[in-house]
Structure formats: structure tokens, C-alpha cells
Amino acid sequence: MLVSQILKTKPDDKVVTTKPGLAISEAAAMLAEKRIGTLVISADGKTPDGILSERDIVRELGRQGAGCLQQAVESIMTTKLVTCSRDDRSDAILQKMTDGRFRHMPVLEDGELVGLISLGDVVKAQLQELSMEKQALEGMIMGH
């Protein structure tokens, strides 16, 4: 399955972004309010500068304590982004996420953000693909 097909199955294709300079406490509030696990940090709302996850915030809280919540998001965001395109295959994305131990991947087209897929999105797509293959094989065995 292609990333483009995964994006079509998502109920909301809008990626939540925020500008650099936002306090980590405000980012945490946004994550909680929107019930999401990741924010894309982007100065222009189109090109990702970094990504900030709930895990990033928890790790920093563990290292520095609550004082880190007043720092700007860019102080802890991941800047070495692993991205994909709409034409990438879900199995390759799953491998990259597993190897890199991350759960969200920005989807870019011509350097601009067009979507965000999660590990859950990719696993769901893989399960659907396996189910379709199983049904096709059962149909062949049964002579349909």
C-alpha cells in the first residue's frame, strides 16, 4: 500500500503545526487539547523545521524537571527529520519507523508538508492489505 492511500483513509488530513518560539508547556496543552501525539514545528506552516512528540516532552521533564516547560519547543524538537512522499510504500515506512524508533513521519511533496502518518496508520494499512490477500487466497482455494 502507498502512503497516498493511507492519507486518504485518515479522517482529517490537516497536520497540526506550530511556529518556533512556543513554550513547551503550551505545546503540551495543544497535544492534550487536540488529542494527538505530535506537533510539526514550522515557521511558515509549509516546511517542517522539526517535530515534537509527547515522548520528547516526557524525556525532557525527566532530565530537567518542570523548569523545561518554559523553554521554547525548538530546544527539544527533533530537527533531523525522517520524511516520506506519497509514493512510498507502507512496508518501507514501517521499517524506517521501527529502525528509527519513532511513531510519526511527515509526508512531503516538493519539500512542503502534505500530511503526517503515524505508526498506527501504517500498521492499520498493513493489516488491511494482509486481510485482502487472505481473502484472495481463500477465494482461489475455494474456486471463486
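Residues numbered from 1 in each chain as written. Predicted model: local features only at pLDDT ≥ 70, side-chain atom pairs only at ≥ 80, totals over all residues. Heavy atoms only, no water.

Colleague: Would you take a moment to explain the confidence of the model for the protein for this structure?
Modeller: In regions of low pLDDT, the predicted coordinates are not meant to be interpreted in detail. Looking at the protein, pLDDT values average 92 and 99% of them are 70 or higher. At the low end of the mean pLDDT range in the protein sits helix H5 (residues 119-142), at 83; at the high end sits strand E3 (residues 50-53), at 97. (pLDDT = per-residue confidence, 0-100. Helix = DSSP H or I, 4+ residues; strand = E, 2+ residues; numbered from the N terminus.)

Colleague: What's the story with the pattern of salt bridges in this structure? I'm lost.
Modeller: Pairs can form between side chains of opposite charge whenever their charged atoms are close. All told, the structure shown has 5 salt bridges when counted by the stated rule. Here Asp121 ties to Lys10 by a salt bridge, and the two come within 2.6 Å at their closest N and O atoms. Of this pair, Asp121 sits in helix H5 while Lys10 is found in the loop between helix H1 (3-9) and strand E1 (17-18), placing the two residues 111 residues apart along the sequence. According to the relative accessible area criterion, Asp121 is buried, its value standing at 19%. Its relative accessible area of 22% is what places Lys10 among the partly exposed residues. We note a salt bridge from Arg89 to Asp91, for which the minimum N-O separation is 3.5 Å. (Salt bridge = Lys/Arg side-chain N within 4 Å of Asp/Glu carboxyl O. Buried < 20%, exposed > 50% of the residue type's maximum accessible area, 1.4 Å probe, protein only.)

Colleague: I keep staring at the sheet that holds strand E2 (residues 38-41) and nothing clicks. Help me out?
Modeller: Hydrogen bonding along the main chain pairs the strands of a sheet, whether they run parallel or antiparallel. Here we have 3 strands laid out as an open sheet, ordered E1-E2-E3, and mixed in their pairing. Whereas interior strands pair on both sides, the edge strands pair on one side only; in this sheet they are E1 and E3. Sheet topology note: the E2/E3 ladder contains 4 bridges and is antiparallel. When the bridges of E3 are listed, Thr38 appears paired with Ser53. (Pairing = 2+ DSSP bridges.)

Colleague: Help me understand the nonpolar core in this model?
Modeller: Inside soluble globular proteins, nonpolar side chains tend to come together where they are buried. Membership of the largest hydrophobic core comes to 13 residues, with the highest contact counts inside it found for Ala27, Leu39, Ile41, Leu52, Ile57 and Val73. Those elements that place two or more of their residues in this core are helix H2 (24-34) and E2. A per-element tally of this core places H2 first, with 4 residues. Residues within four places of Leu39 in sequence aside, it is in contact with Val16, Thr18, Ala27, Met30, Leu31, Gly50, Ile51 and Leu52. With 12 residues, the next largest nonpolar core counts Val3, Ile6, Cys84 and Met105 among its residues. (Core = buried A, V, L, I, M, F, W, Y, C linked by side-chain atoms within 4.5 Å. Contact = heavy atoms within 4.5 Å.)

Colleague: Hey, could you run me through a nonpolar patch on the surface in this one?
Modeller: On the surface, a cluster of nonpolar side chains totalling about 270 Å² of accessible area is made up of Val123, Leu127 and Leu130. Summarising the element assignment, Val123 is placed in helix H5. (Patch = residues over 30% accessible without salt bridge, like charges linked within 9 Å, V, L, I, M, F, W, Y side chains within 5 Å. Areas by Shrake-Rupley, 256 points an atom, 1.4 Å probe, with all protein chains shown as cover.)

Colleague: Help me understand the pairing of strand E5 (residues 112-118), please; the structure alone is not making it clear to me.
Modeller: Counted residue by residue, E5 has 5 buried out of 7 residues, so it is predominantly covered. Sheet analysis places strand E4 (residues 104-109) next to E5, joined by 6 bridges and oriented antiparallel. The residue of E5 that forms the bridge with Glu109 is Glu112. Taking the residues that link successive antiparallel strands as the turn, the E4-E5 hairpin has 2 residues, and the phi of Asp110 there is positive, at about 55 degrees.

Colleague: Please clarify how the pairing of E2 should be interpreted in this entry.
Modeller: Strand residues, when the strand is regular, have side chains that alternate between the two faces of the sheet. Of the two faces of E2, the one lined by Thr38 and Val40 and the one lined by Leu39 and Ile41 are each fully buried. Relative to E2, E1 runs parallel, the two sharing 2 bridges. What sits directly across from Thr17, in E2, is Val40. Between the parallel elements E1 and E2, the chain passes through H2 in a crossover that is right-handed. (Right-handed = clockwise from strand over helix to strand, strands pointing away.)

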